[in-house]
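# Coordinates in review
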Amino acid sequence: MWAVLPGELALAVCLVAGVRIPGPVLLGAEALVVGVLALEVYVMWPLYAARRRAGDTRREAGLSAVRAVVPVAVRRLLVHELRALHSLGLWVLRRRHRIPEGARPFAYTEPQTGIMWTFVFVSVVETVVLALVIPWPLVHAILLVVDVYGIVIVLALQAACVTRPHLVEADGSLRLRYGALFDLRVPAAVIAAARVERRFPGGGLVRVDEDGTLDLAVGSQTTVTVELTEPVEFVRPLGRRGSARTLRFNADDPRAAVAALVRPPPTPTASHRPALAPPLTPERTAPSSTPGPPA
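Just so it is clear, the structure is predicted and the values come from calculations on it, not from any experiment. (Residues numbered from 1 in each chain as written. Predicted model: local features only at pLDDT ≥ 70, side-chain atom pairs only at ≥ 80, totals over all residues. Heavy atoms only, no water.)

## Some points on the sheet that holds strand β5 (residues 191–199)
Put simply, the rule reads: By this definition, two strands are paired if DSSP reports at least two bridges between them. Only DSSP runs of H or I reaching four residues or more are called helices, and only runs of E reaching two or more are called strands; each is numbered from the N terminus. Axis angles are defined between N-to-C directions and span 0 to 180 degrees, where every axis is a line fitted to C-alpha atoms and, for a helix, only to the segment in contact. In what follows, residue pairs with any heavy atoms lying within 4.5 Å of each other are defined as contacts.
Strand order across the open sheet formed by five strands is β5-β8-β9-β7-β6, with mixed pairing between neighbours. Since the sheet does not close on itself, it has two edges, and those belong to β5 and β6 (206–208), each with one partner. Strand-to-strand twist across the sheet, computed as the mean angle between neighbouring axes with direction ignored, equals 40 degrees. Relative to strand β9 (residues 241–249), strand β8 (residues 222–235) runs antiparallel, the two being bridged by eight bridges. Bridged to Phe-234 within β9 is Gly-242. Across the sheet, helix α7 (residues 254–262) touches β5 and β8, and the angle it forms with β5 is around 170 degrees.

So this is what it looks like as structure tokens:
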């Protein structure tokens, strides 16, 4: 399925671009697509029917069948890509993603911004050069779509990081994010200490040491270290789970992030009793001087 569908997309692009494709090739491609879809239905229908008999709704049964057939890594990559494209729209509109009232956002994109814009520049130059060099219309159309989509994805990844900052919420809890790829919530009750500490860990985006230290590096560096009283669980970008008791992450303003994490929790305001009204005194009335009724 993952080989046939991109091929179908490439054929559609070629047709829109005006490339002549022989009839047998089109017929064979469409027959292959129909066959793949029929195979998917043949595999997923028994799973769907079993979940329906078990009492699930149509939506729950459909999602269960998709999860059983499509690998979790593929599903998560597709979801990440859709969220990144949504973040690109938020970036254009100058909005950010789900920042609750009272939460303090902390950006973390400074170490990678220059690298991302370099990727975009190189991709644009590559697209122009290939458009001038490649003489075959079919290859030119396919590479043009791939290059333009690659530029959009790089912009979407940077937009996701800009519109989804780290958060220190009003109750003191911490939410660590890296674009649409990583999201970890840490309750305020398990945060023991926080300090500014610049490190340059090796490895990829998410790395966990044997001692339970999570490094969420941006541009191969972290600037804040948070110690926890107990481990917290997290989900890696491709679906694997892990736990960590020490968190290291990057913040463009690490001192402000640490100050927000170590501030004392807000004390509840003392309730003021309503002021008591002065005691009521019996009202004095003057004796009436009106003569009584005649006898």
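Continuing now.
## Focus on the pattern of salt bridges
Any two side chains of opposite charge can pair if their charged atoms end up close together. To keep it simple, the criterion reads: Salt bridge criterion: a side-chain nitrogen from Lys or Arg within 4 Å of a carboxyl oxygen from Asp or Glu.
In the structure shown here, the tally under the stated rule is nine salt bridges. As a salt-bridge pair, Arg-195 and Glu-197 come within 3.4 Å of each other at their nearest N and O atoms. The shortest N-O distance in the salt bridge between Arg-248 and Asp-215 comes to 3.8 Å. Residue Arg-248 is located in strand β9, and its partner Asp-215 is located in strand β7 (residues 213–216); the two are separated by 33 residues in the primary sequence. Through salt bridges that share partners, Arg-195, Glu-197, Arg-199 and Glu-227 make up one connected network.

## As for the sheet that holds strand β4 (residues 182–186)
Judged by pairing direction, the sheet is antiparallel, and its four strands sit side by side in the order β1-β2-β3-β4 without closing on themselves. Only two strands of the sheet have a single neighbouring strand rather than two, namely β1 (104–106) and β4. Across the sheet, the axes of successive neighbouring strands diverge by a mean angle of 15 degrees, strand direction being ignored. Looking at chain direction, β1 and strand β2 (residues 166–168) are connected through three bridges and run antiparallel. When the sheet's bridge partners are listed, Pro-105 is paired in β2 with Leu-167. In this fold α7 packs onto β1, β2 and β3 (174–178), with an angle of close to 145 degrees to the strand it touches most, β1.

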